[in-house]
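Spelled out from the first residue to the last, the chains are:
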Amino acid sequence: MGNDLSIYLHIPFCRSKCPYCNFYSLESPVNPKLWDNYKAAVLRQLGTLISRFRLAHRTVTSLYIGGGTPSVVGAELLRSLIEGIDRYLGLDMVEEVTIELNPADVRPNLLRQYRDFGVTRVSLGVQSFNEKKLTLLGRRHNAREALASINICRDVFGDNISIDLIFGLPGEDLSIWKTDLDVALSLKVNHISLYSLSIEEGTPFYQKYRGFENDWTSAQMYVLADRLLSSVGIRWYEISNFSLPGRESYHNLRYWLGGDFIGLGPSAWSYVDGVRFSVRPDLNAFLKFKMEYEKDILPASRRLKEEKVLQLRTRYGIDKECIPDGWVDRIMDFVKMRWIEEIDNKYVLTLQGRLFADEIATNLIY
Ligand code: SF4
């Protein structure tokens, strides 16, 4: 992993803003002029990072194009930016190129264009197959389009498809959630990311559902999902991510297993040589090349703890022999509580522990 580098490219545009979302993205059409400016700013940022962190000789092994909604940008415009990145860092050794897609944008021709410029995998923001859930979430697609988009993606990308599903919505019960999971399984999708709705400050959902409590229902929904998915061999490999063996996202695993990555675009986080940083989420400033960085330089002990806590989020757990100083008693307490178990000389979260992963992380880091 030493010389490897991953790239996350943030596309901060959406056709409409979903009322629950607090990712940094703007509701804006993308015209060629805006895109030219954005491309120039991203490449300027990349050039700065390459010289600041001496990245020129790193091997880029994965690229993730996320957002926002990358599929609102025309394929040719996107291609021109990827080619620009290739000129700076060389993408010929990349093992996985993922692009996030909104099901409402999925067209065979668009997907073929993505494939032709190197995309190998798609991540579809399906969220649900239930019409009421999709309406509540303010999504641009309906249930029929969600289904159709998966089939279109399969025609072009074969099995290299992931879908996102969201659970724990106001009014959602276990049977609604089970139907979503049953539909996903009937489509033989082999990678699924599951997210519990969280009501984030500053969103329209916060105004409407502030104080909404879904912890207990969401825990039951997560347990149900784990049971149904694992019964067909789709197992967890990170708390929110499930796949058939061998179909894990290489790029995402690098985040959790401590690999270096750079995030391009406003709000995208990077982690290189123990320094974690992002450009302030302000598109206008970014377009004017005024890139203010938020930065954390982690001392070695804190860096080790954070890396181990991230690894603990995965099914690979942490080596018993490599745990940071001062963790033994705390881990033993979690073992007694059955939140962590010992498997093959590693400490791994139990199903119950996955439900309390944030509490465990806070306890171990501080
Ligand atoms: S499409 Fe995705 S990034 Fe855009 S507003 Fe909706 S959830 Fe957020």
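A quick note: this is a predicted structure, and the numbers were derived from the prediction, not measured.

Two faces, one strand: in a regular strand the side chains alternate between the faces of the sheet. Taking burial as the measure, the seven residues of strand β6 (residues 121–127) include seven buried ones, the bulk of the element. Note that strand β5 (residues 96–101) and β6 share four bridges and pair parallel. Across the sheet, the residue bridging to T98 is R121, located in β6. Between the parallel pair β5 and β6, the chain is carried across by helix α3 (residues 108–116), and the sense of this crossover is right-handed. Pairing geometry for β6 and strand β7 (residues 161–167), over four bridges, is parallel. Paired with L124 across the bridge in β7 is I163.

The end-to-end C-alpha distance of helix α1 (residues 32–53), which contains 22 residues, comes to 31 Å, matching closely the 32 Å that a straight helix rising 1.5 Å per residue would cover. L34, W35, Y38, A41, V42, L43, Q45, L46, L49, I50 and F53 are the residues of α1 that are buried. Immediately beyond the C-terminal end of α1, within one or two residues, lies R54, with a positive phi of roughly 50°.

Here the second largest pocket is characterised by a volume of approximately 180 Å³. The wall of the second largest pocket is formed by W236, R315, Y316, E341, I343, K346, V348, L349, T350, L351 and R354. Where the lining of the second largest pocket is concerned, the elements lending two or more residues are β16 (340–343), β17 (346–349) and α13 (351–355). Here the lining of the second largest pocket gets three residues from one element, more than from any other, and that element is β17.

Parameters at a glance
- Residues numbered from 1 in each chain as written.
- Predicted model: local features only at pLDDT ≥ 70, side-chain atom pairs only at ≥ 80, totals over all residues.
- Heavy atoms only, no water.
- Buried < 20%, exposed > 50% of the residue type's maximum accessible area, 1.4 Å probe, protein only.
- Helix = DSSP H or I, 4+ residues; strand = E, 2+ residues; numbered from the N terminus.
- Pairing = 2+ DSSP bridges.
- Right-handed = clockwise from strand over helix to strand, strands pointing away.
- Expected span 1.5 Å × (residues − 1).
- 1 Å grid on protein atoms, 1.4 Å probe; cavity = no way out; pocket = protein on both sides within 12 Å on 5 of 7 lines; lining within 4 Å.
- Points joined across faces, edges and corners; volume = space filled by probe spheres on them.

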